[in-house]
Number of protein chains: 2
Amino acid sequence: MSLLENKTVVYKKVPVGLPTEENLEIVTSKVSSSAPDGGLLIQVLYVSLDPFLRGRMRDPSIRSYRPAYSTGEILSNFGIGRVIYSSAPEFAKGDIVKSNITQFTMYQAVPKECRKFFNKVENPNGFPLTYFLGVLGMPGLTAYYSFYKIGEPKKGETILISAASGAVGQLVGQLAKHEGLRVIGSVGSDEKVKYLKDELEFDEAWNYKEISPVVAIAKHIPEGIDIYFDNVGGELLDAALAGMSNYGRIIACGQISQYNISNPEDRYGIKNTMMIVAKRLKFQGFIILDIYDGEAGTVAEFEETVSKLLKDGGFIYKEDVIDGIENTLDGFVAMLTGKNFGKVSVKVSA
Amino acid sequence: MSLLENKTVVYKKVPVGLPTEENLEIVTSKVSSSAPDGGLLIQVLYVSLDPFLRGRMRDPSIRSYRPAYSTGEILSNFGIGRVIYSSAPEFAKGDIVKSNITQFTMYQAVPKECRKFFNKVENPNGFPLTYFLGVLGMPGLTAYYSFYKIGEPKKGETILISAASGAVGQLVGQLAKHEGLRVIGSVGSDEKVKYLKDELEFDEAWNYKEISPVVAIAKHIPEGIDIYFDNVGGELLDAALAGMSNYGRIIACGQISQYNISNPEDRYGIKNTMMIVAKRLKFQGFIILDIYDGEAGTVAEFEETVSKLLKDGGFIYKEDVIDGIENTLDGFVAMLTGKNFGKVSVKVSA
């Protein structure tokens with residue numbers, strides 16, 4: 001047994017608005033190179049950065065679908081690691097594992113009772129390991145489940161996707177093309193517009209910084225929106241409500257435009273909810289953890305289907321890998337403000 | 001053949017805000033006491049006043065689920081009449097008929113090609129004829145269909161109903177009690193609160209003019225709302241979103257608080273749509289005409305079930321019958337501003 005130099009991201013206090021170094025601090029420490037009886041030592045390779053982490057950085061008295069982080073705790077999320085020490089029979093040194101309690105740290109000591117949260121990664125197709133945090137992980141299941149289950153897509157319909165080049169949006173768009181829909185995306189740069197049209201073969205796309213959503217919808221979707229996949233909330237949600245077709249479906253996936261508004265009074269007020277009545281809309285939310293917990297068959301179907309589409313169906317997936325644990329905060333803020341391009345994760349080791 | 005003195009409500013121009021005599025005018029005329037070949041002459045008995053009529057009084061260039069009234073046309077809606085002249089084989093003088101193109105007039109001449117919109121009223125239980133405009137008519141089907149189909153009620157759940165003593169709300173509340181739910185209502189007077197609690201056996205009710213919706217929900221529904229039946233939109237909808245339980249359903253029936261706001265910018269802005277994501281809510285609209293058009297089985301089931309509940313199940317139904325066609329405008333404005341008490345219709349003749 002020896003001691004390893006470790007770096008860790010510690011959650012220090014609840015952010016007001018965007019998080020800063022006051023909220024997420026890099027702490028240096030030493031960690032034992034072995035593990036207690038029945039435990040593991042994991043060398044963390046990649047940890048996922050997802051918008052919902054912002055929601056966990058809240059006053060813990062506010063209940064929500066995922067527990068709030070406690071101040072002083074190590075930031076954690078979905079991640080990929082390599083077993084470097086095992087005293088557990090089901091794991092061997094060198095195994096690649098995934099877990100939803102991976103810490104933002106170089107070396108994670110896993111006690112016996114937490115082994116069950118780690119699973120070996122099966123990767124017969126040799127995909128990049130980050131795919132298991134993105135297109136084949138939680139964001140991918142989010143896209144797959146909600147597009148089919150809430151979206152109820154029909155060939156020939158039109159779908160609008162916000163944050164369309166993001167972790168979830170790019171898979172939704174490719175699934176929608178695959179199902180014969182007309183696919184439109186809203187994104188935050190001309191480079192992303194080009195990616196959607198040239199690489200993902202979207203029918204139309206716009207840069208929301210250069211055109212208002214009302215004008216963009218009138219111009220690009222005169223036939224009306226059958227499915228709106230909402231990752232952003234706010235002004236685009238309001239415009240989409242007005243631009244929906246009768247019997248349209250709105251998939252309530254997230255509202256990233258509203259996450260860093262600290263005073264609820266300052267949130268964007270949606271004026272067009274009457275459209276839900278007049279156009280017989282369905283506006284429905286979901287939490288993907290419910291599917292992981294309750295629908296193992298759906299998860300297996302998703303993994304099999306999307307793996308095949310990536311291998312043989314021409315599906316692609318753009319990733320934005322932040323190099324080095326010390327850049328976690330910058331990468332997180334970039335994602336929350338739309339400066340990322342593709343699914344964001346932090347590369348801790350390789 | 002002779003000539004009958006007639007009074008008619010004519011729609012003159014699109015209202016800005018609440019309608020006035022400039023918008024709905026009483027016109028006196030004479031009408032033939034017979035009818036053209038194959039036609040009918042109907043003595044109108046009752047015509048229904050429903051909030052959605054306000055939506056039909058709009059700029060006809062704005063498309064919506066029901067056609068806009070044309071200026072100069074006679075106001076029309078669901079109504080009950082008596083055949084006083086028939087040259088059609090399927091109707092005899094004295095028949096009681098219902099129609100969704102009943103005019104706000106004393107005598108309605110029905111040409112041959114419009115006979116199909118009139119149906120004989122079967123009333124073996126001897127209900128008041130106005131019931132066929134309310135609890136057994138369009139508002140009743142609205143309540144019945146959406147409560148079961150969108151609400152998916154389960155015994156032991158809690159439902160909040162706005163405009164709970166209105167045409168739709170009072171049937172929703174009684175159906176919900178019948179199904180074993182905890183039933184809470186929001187209404188606009190202490191008299192209505194008393195009616196809900198004493199007559200309809202609601203578990204709780206409040207007067208929204210005396211308590212804010214956020215406070216009322218915190219006080220009366222600490223367990224969370226499983227179903228919110230929304231007739232009003234605006235501030236109560238926003239508070240209900242915040243007060244929903246996980247997996248809650250919002251039945252989007254109407255938004256009467258917003259109907260007379262002429263500038264869209266002045267509408268209430270809903271700030272809590274993120275709850276749809278976080279609490280996995282379903283917020284769904286419907287148009288009851290779709291059910292009349294496409295689900296004859298549902299309509300028959302509704303009529304049979306609710307007739308039985310009225311006859312043997314202790315169900316009651318409060319009505320607010322405006323006496324005289326010349327009071328149509330006042331009755332309509334009273335309904336739009338919540339001054340009615342129960343289902344509103346205009347008694348033209350008896």
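Below: a short report on this structure. (Residues numbered from 1 in each chain as written. Chains lettered and ligands numbered in written order. Predicted model: local features only at pLDDT ≥ 70, side-chain atom pairs only at ≥ 80, totals over all residues. Heavy atoms only, no water.)

Comments concerning the overall build of chain A
Summing up its helical and strand segments, chain A has 10 helices and 15 strands in all. Relative to its length of 350 residues, chain A is compact, with a C-alpha radius of gyration of 21 Å against a globular reference of 20 Å. Considering chain A as a whole, with its 350 residues, one finds that 57% of them fall into the buried category. By sequence separation, contacts in chain A at least 24 residues apart represent 68% of the contacts at least 6 residues apart. Roughly 14500 Å² of accessible area belongs to chain A as shown, and the carbon and sulfur atoms make up 50% of that amount. For chain A, the separation between the mean place of its 38 positive charges and that of its 42 negative charges on side chains is 2 Å. (Helix = DSSP H or I, 4+ residues; strand = E, 2+ residues; numbered from the N terminus. Rg over C-alpha atoms; globule rule 2.2 N^0.38 Å. Buried < 20%, exposed > 50% of the residue type's maximum accessible area, 1.4 Å probe, protein only. Contact = heavy atoms within 4.5 Å. Areas by Shrake-Rupley, 256 points an atom, 1.4 Å probe, with all protein chains shown as cover. Lys, Arg positive; Asp, Glu negative; His and termini not counted. Charge placed at Lys NZ, Arg CZ, Asp CG, Glu CD.)

Focus on the pattern of salt bridges
Counted by the stated rule, this structure contains 28 salt bridges over all chains. A salt bridge links E90 of chain A to R115 of chain A; the shortest N-O distance between them is 3.0 Å. Remark: R115 of chain A occurs in the loop between β6 (107–110) and β7 (118–120) and E90 of chain A occurs in the loop between β4 (76–86) and β5 (96–103); sequence separation between them is 25 residues. The exposure class assigned to E90 of chain A is partly exposed, which follows from its relative accessible area of 35%. Residue R115 of chain A is classed as buried on the basis of its relative accessible area, which comes to 15%. We note a salt bridge from K120 of chain B to D95 of chain B, for which the minimum N-O separation is 3.6 Å. Of this pair, K120 of chain B sits in strand β7 (residues 118–120) while D95 of chain B sits in the loop between β4 (76–86) and β5 (96–103), placing them 25 residues apart in sequence. (Salt bridge = Lys/Arg side-chain N within 4 Å of Asp/Glu carboxyl O.)

Brief notes about the relation of the copies chain B and chain A
Here the second copy of the chain follows from the first by a rotation about an axis and a shift along it. With an RMSD of 0.0 Å, the operation that places chain B on chain A is a rotation of 180° combined with a shift of 0.0 Å along the axis. The superposition operator between the copies reduces to a two-fold rotation axis. Across chain B, the smallest distance between a C-alpha and the rotation axis is recorded for G269 of chain B, namely 1.8 Å. Mapped onto chain A, 100% of the interface residues of chain B again fall at the interface, so both copies present the same surface. (Least-squares fit on C-alpha atoms with pLDDT ≥ 70 in both.)

Some words on the nonpolar core
Ranked by size, the top nonpolar core spans 123 residues in total, and within it L160 and Y228 of chain A together with L160 and Y228 of chain B carry the most contacts. A per-element tally of this core places helix α2 (residues 138–149) of chain B first, with six residues. Core analysis: the second largest hydrophobic core is formed by 75 residues, A164, I227, F229 and V348 of chain A among them. (Core = buried A, V, L, I, M, F, W, Y, C linked by side-chain atoms within 4.5 Å.)

Observations concerning unusual backbone geometry
Although it is not a glycine, R280 of chain A sits at a positive phi angle of roughly 55°. By secondary structure assignment, the location of R280 of chain A is in the loop between α7 (274–278) and β13 (282–285). Backbone geometry at Y247 of chain B places phi at a positive 65°, although glycine is not the residue there. Note on placement: Y247 of chain B falls in strand β12 (residues 244–252). Using a relative accessible area of 43% as the deciding quantity, one classes Y247 of chain B as partly exposed.

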